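Spelled out, the chains give:
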Amino acid sequence: MTTEKKAKRRAILIFMLNRSGVLNKISMLIRRKMYNVETITACTTAQSGISRMTLTLREDSDQNMAQVVKQIEKMTEVISARELDIEQSFWREVAIVKCEVRDADLESLQEAYSIGILDRRDSGQCVVQIAGTSQMIDDFIEAVGDEKIIEVARSGFTALEK
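Residues numbered from 1 in each chain as written. Predicted model: local features only at pLDDT ≥ 70, side-chain atom pairs only at ≥ 80, totals over all residues. Heavy atoms only, no water.

A. Structural view of the side chain of Arg 10. Turning to its location among the elements, Arg 10 is positioned in strand S1 (residues 9-17). Engagement of the side chain of Arg 10 in a polar contact is seen with the backbone oxygen of Glu 59, the distance being 2.9 Å. Residues in contact with Arg 10, not counting those within four places in the same chain, are Leu 55, Thr 56, Leu 57, Glu 59, Asp 60, Ser 61, Asp 62, Met 65, Glu 83 and Trp 91. (Helix = DSSP H or I, 4+ residues; strand = E, 2+ residues; numbered from the N terminus. Polar contact = N/O pair within 3.5 Å; in protein donor to acceptor, adjacent residues only side chain to side chain. Contact = heavy atoms within 4.5 Å.)

So, in structure tokens, the structure goes:
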């Protein structure tokens, strides 16, 4: 029996010009380096014409990550790129979960995980949202139970330095 070690999750914060095709250029660069992009989130910033992107992937080597960041920074549309230190930043994601949960269980889950109830049906089916760390969302899904989960949509990470 072999156990496969999961590489370390890394986040790169990128500020770039808000132009069509930039996301594709960045993802192609990552693909050429043989990395699998885990999540990408992007949004506009308060500064007109500038977008920010949080990109996550898995890699153990600091040297390899530094090389990827340097390659991204060389792109003409990129203003800056840097790896975020997980200890010096907040990483969050949002999940929308459709599940079948009794009212009493839903109330205790709401207290434990601060979920928001988006929809509730007489049949016991509900749709909730949860925002937090990846582990918190995983724990919530485990607490509900696989047999009661109908569907899960996760946003991917966004991150902000402290």
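Picking up where we left off.
B. Molecular detail of a negative patch on the surface. A surface patch of like charges, here negative, comprises Asp 139, Glu 142, Asp 146 and Glu 147. Tracing the backbone shows Asp 146 in the loop between helix H4 (134-144) and strand S8 (149-154). For Asp 146, a relative accessible area of 66% puts it in the exposed group. (Patch = residues over 30% accessible without salt bridge, like charges linked within 9 Å, V, L, I, M, F, W, Y side chains within 5 Å. Areas by Shrake-Rupley, 256 points an atom, 1.4 Å probe, with all protein chains shown as cover. Salt bridge = Lys/Arg side-chain N within 4 Å of Asp/Glu carboxyl O. Lys, Arg positive; Asp, Glu negative; His and termini not counted. Charge placed at Lys NZ, Arg CZ, Asp CG, Glu CD. Buried < 20%, exposed > 50% of the residue type's maximum accessible area, 1.4 Å probe, protein only.)

C. Structural detail: the sheet that holds strand S3 (residues 50-58). If you trace the four strands from one edge of the open sheet to the other, you get S2-S3-S1-S4, paired in antiparallel fashion. Two strands in the sheet have a free side with no partner beyond their single neighbour: strand S2 (37-44) and strand S4 (78-84). The sheet shows a mean angle of 15° between the axes of neighbouring strands, direction not considered. With seven bridges joining them, S2 and S3 adopt antiparallel strand pairing. Bridge assignment links Cys 43 to a residue of S3, and that residue is Arg 52. Along the sheet face, helix H1 (residues 22-32) touches S1, S2, S3 and S4 and points at about 25° away from the line of S3. (Pairing = 2+ DSSP bridges. Axes fitted to C-alpha atoms, helices over the stretch in contact; angles between N-to-C directions.)

D. Structural context of the nonpolar core. Counting residues in hydrophobic clusters, the biggest one holds 18 residues, and the most contacted among them are Ile 12, Ile 14, Ile 26, Ile 30 and Ile 72. Contributions of two or more residues to this core are made by S1, H1, S3, helix H2 (62-73) and S4. Ranked by size, the runner-up nonpolar core spans 16 residues in total, among them Ile 115, Val 128, Ile 141 and Val 144. (Core = buried A, V, L, I, M, F, W, Y, C linked by side-chain atoms within 4.5 Å.)

E. Main features of the packing of H1 against H2. Taken N-terminus to C-terminus, the directions of H1 and H2 make an angle of 145°; their axes are 10 Å apart at the nearest point. Remark: the crossing between H1 and H2 carries right-handed chirality. For the pair H1 and H2, contact is made by Ile 26, Leu 29 and Ile 30 and by Val 68, Gln 71 and Ile 72, respectively. Among the residues forming the contact of H1 with H2, the class breakdown is five nonpolar, one polar and no charged. (Left-handed = near helix turned anticlockwise from the far one by under 90°. Nonpolar A, V, L, I, M, F, W, Y, C, P; charged D, E, K, R; others polar.)

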